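These are the residues of each chain, in order.
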Amino acid sequence: MNVMRDKLGRTINYLRLSITDRCNLRCCYCMPATGVAACEHGDILRYEELLRIAEAAVSLGVEKIRLTGGEPLVRKGLLGFLEQLGAIPGLTEMTLTTNGLLLGETAEQLKAVGIDRLNVSLDSLVPQTYRQITRGGDLIVRALADGAEERLTRTRDAESGAVFSGDGKRVFFQRGGDVFALDLTTRAVRQLVHVRTG
């Protein structure tokens, strides 16, 4: 097998695939207040094309693929694509980065089609701050309302039908987010979530 290496001779075994430019938030660090023009449908790679890229990458030694966007959960047909992606021989890990808004309705399905880990980008645990950063997002209220937080934090009880294990949950927070760092750290310890600053 041909193996890809970087300039320092390290094996390249990880690929990040951005599957959409669309997002259901308008975060101030990601786009201007007026938004950005969406790509035309024909300018976005079809799932079949993304699969060909993934297959080629795996044949060159890639073992891990992370799906990103935009917000990957807003793209139609995602679950079927993930199922096909996970079936590629030699692919050992499939992860997904999300803002979490749609996890309440998709977490169990994501696990069922082969997602091993989730990275949930969470800008603040303070609702007002979160709304300011995301220009109107309401993650905390929605997560509590639809039970996503409860489902995603059941990490050790086999009887509870846990969705993702503690080792599969990571929380990232941006520099300048110190106002909620203590609350986040407390929750992280309690729920076995890995925290990394960005």
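Residues numbered from 1 in each chain as written. Predicted model: local features only at pLDDT ≥ 70, side-chain atom pairs only at ≥ 80, totals over all residues. Heavy atoms only, no water.

Peer 1: Give me the overall build of the chain: which residues, what numbers.
Peer 2: Scanning the chain for helices and strands turns up seven helices and six strands. Element order for the chain, N to C, with α for helix and β for strand: β-α-β-α-β-α-β-α-α-α-β-α-β. Split into buried and exposed, the 198 residues of the chain put 41% on the buried side. In the chain, the proportion of contacts linking residues at least 24 apart, taken out of those at least 6 apart, comes to 69%. (Helix = DSSP H or I, 4+ residues; strand = E, 2+ residues; numbered from the N terminus. Buried < 20%, exposed > 50% of the residue type's maximum accessible area, 1.4 Å probe, protein only. Contact = heavy atoms within 4.5 Å.)

Peer 1: Hey, could you go over the environment of Ser59 for me, with residue numbers and the actual values?
Peer 2: Take Ser59: it is sitting in helix α1 (residues 47-59). You can call Ser59 partly exposed: its relative accessible area is 43%. Through-space distance from the C-alpha of Ser59 to that of Asn2 is 7.5 Å; in sequence the pair is 57 residues apart. Within the structure, Ser59 has its side chain in polar contact with the backbone oxygen of Ala56 (distance 2.6 Å). (Polar contact = N/O pair within 3.5 Å; in protein donor to acceptor, adjacent residues only side chain to side chain.)

Peer 1: Account for the nonpolar core, with residues named and values stated.
Peer 2: Of all hydrophobic cores here, the largest spans 29 residues; its most connected members are Ile65, Leu67, Phe81, Leu82, Leu85 and Leu96. Broken down by secondary-structure element, the contributors of at least two residues to this core are β1 (14-18), α1, β2 (64-68), α2 (78-86), β3 (93-98), α3 (103-112) and β4 (117-121). Of all the elements, α1 adds the most residues to this core, at six residues. Every residue in contact with Leu67, bar those within four places of it in the chain, is listed here: Leu17, Ile19, Pro72, Phe81, Leu82, Leu85, Met94, Thr95, Leu96 and Thr97. In this structure, Cys27, Leu122, Leu125 and Tyr130 belong to the second largest nonpolar core, which totals six residues. (Core = buried A, V, L, I, M, F, W, Y, C linked by side-chain atoms within 4.5 Å.)

Peer 1: Please provide a residue-by-residue account of the pattern of salt bridges, values included.
Peer 2: For the coordinates displayed, the defined rule picks out five salt bridges. Between Asp21 and Arg22 there is a salt bridge, with its nearest N and O atoms 3.6 Å apart. (Salt bridge = Lys/Arg side-chain N within 4 Å of Asp/Glu carboxyl O.)

Peer 1: Explain the state of the cysteines to me, and be specific about the residues and the numbers.
Peer 2: All chains considered together, the criterion is met by zero disulfides. Residue Cys23 stays outside any disulfide, its sulfur separated by 6.1 Å from that of Cys27, the closest cysteine. We classify Cys23 as partly exposed; its relative accessible area is 25%. Cys30 forms no disulfide, and the closest cysteine sulfur to it belongs to Cys27, at a distance of 6.3 Å. (Disulfide = S-S within 2.5 Å.)

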